[in-house]
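The lines below spell out each chain.
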Amino acid sequence: MARPYGLLRAGFPFYKTLGMRRLTNFPIDLALGQEDRLYILCRSEGAALIRKYSTEDKDLGAINIYGSEPGQLTWPVTILADSQENLYLSDEALHRISIFDKDGEFLDSWGEQGSGDGQLYGPTGMAFDTEGNLYVVDTLNHRVQKFTKEGKFLGKWGSYGSGEGEFNMPWGIAVDTDSCPATVDRGGDVYVADWRNDRVQKFTADGAFLMAFGRSGCGDGEFNRPSGVDVDLHGDIYVVDRGNNRVQLFNAEGRYVQKFLGDATLSKAAIAYMMTNAVPNRMRDMANLEVQKYLRWPQSVVVSDDGLMYVPDTGSYRVQVYQKQAVELTELEFGPPRRAPSLAI
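Here is a short report on the structure shown in this document. Computed from a predicted model, the values in this text were never measured in an experiment.

In the sheet, strand S9 (residues 96-100) pairs with strand S10 (residues 106-110) via four bridges, with the strands oriented antiparallel. Following the sheet pairing, Phe100 is matched in S10 by Phe106. Taken together, S9 and the strand that follows it, S10, pair antiparallel across an intervening segment of five residues, in which Gly104 is found at a positive phi of about 95°.

Below you can see the structure in the form of structure tokens.
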């Protein structure tokens, strides 16, 4: 599908909250399944589970995955669902990728600790390319590696440093599965959150450097340890600015558009729980609710094809969801670039 020539950005309002304490404790990532299913990866010291969840805020059960044996994970980071809804999880402590079916049945795992081709040292972010192969961020080796879904090594790029194409503990990764820009199809450009360099780098599918944006700081377009990244069907880039407790939105050229600090309400599940607990209701009535809405320690972001942005709000045991509102424009509806942009009408 070709990209629109331009966008009329009508808004990006808060949509709803999913989850609550006791159900979605310390959510760090999620995968979009079929039939409105979500798979929320929850992790804390001595615990790890996949919470099967509904987009309507209903608990569908949990898959306990904590441990170090085959079929278990000690410190999982990323969860992905493939076209068959099999679940792929990275484990930065056990240096391997584990695979489960949608019901939690263990299928396979691959990877071993090391720095050679196909070996892993603290794997974190993962993303599928347009052919179903898997990019894995090999964080402590400061590189990206590419594998088949079965774990066959296909290629790599990156090394330690701060120059173009170099990394310092990279973390999140996303693949642009659509053409970008509208007149060129490169077959899936790759975005990498370069964590300790406080920037995002963009590459071709084969690892050729294309651009970078961001620098250290807390201003608009600046980062303090970016951890997650995703790209939507318009080519917009979403970056989790973990150290600043926010998500930032950039256009396809890396220009800052806006930020999300958190607007959470109580979820349906939380309201149902509160209705059976008089004391917490009184405590909430006495509290300063302004701070309750903000993001705390977000680590990842996932954007659906219909424009829903899911942000696992790790420190508040919930998922915040926003809905993109944009109108696609043709060349006749979108004027040429201006040297002094202004929203004045």
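Past the structure itself, the notes keep going.
Following the sequence through the fold, Asn133 ends up in the loop between strand S11 (123-128) and strand S12 (134-138). Excluding its chain neighbours within four sequence positions, the residues that come into contact with Asn133 are Ala127, Phe128, Lys146, Phe147, Thr148 and Leu154.

Inspection of the entire model under this criterion finds 19 aromatic pairs. Aromatic pair Phe12 and Tyr238: ring centres 6.1 Å apart, planes at 80°, arrangement edge-to-face. Here Tyr238 lies in strand S20 (residues 237-241) and Phe12 lies in the loop between strand S1 (6-11) and strand S2 (14-18), a separation of 226 residues in the sequence. On the basis of an interplanar angle of 70° and a centroid distance of 5.8 Å, the ring pair of Tyr135 and Trp157 is categorised as edge-to-face. Linking Tyr135 in strand S12 with Trp157 in strand S14 (residues 153-157), this pair joins segments that are 22 residues apart in sequence. Considered together, Tyr135 and Trp157 belong to a single accessibility category, that of buried residues. Chaining the aromatic ring pairs together yields one cluster made of Phe12, Phe14, Tyr238, Phe260 and Tyr322. The positively charged end of Arg225 is found above the aromatic ring belonging to Trp195, 5.3 Å away from the centroid. Looking at Arg296, its charged tip hangs above the ring of Trp297, at a distance of 5.5 Å from the centre.

Criteria and thresholds
- Residues numbered from 1 in each chain as written.
- Predicted model: local features only at pLDDT ≥ 70, side-chain atom pairs only at ≥ 80, totals over all residues.
- Heavy atoms only, no water.
- Pairing = 2+ DSSP bridges.
- Helix = DSSP H or I, 4+ residues; strand = E, 2+ residues; numbered from the N terminus.
- Contact = heavy atoms within 4.5 Å.
- Phe/Tyr/Trp six-rings, centres within 6.5 Å; stacked < 30°, edge-to-face > 60°.
- Buried < 20%, exposed > 50% of the residue type's maximum accessible area, 1.4 Å probe, protein only.
- Lys NZ or Arg CZ within 6 Å of the ring centre and 35° of its normal.

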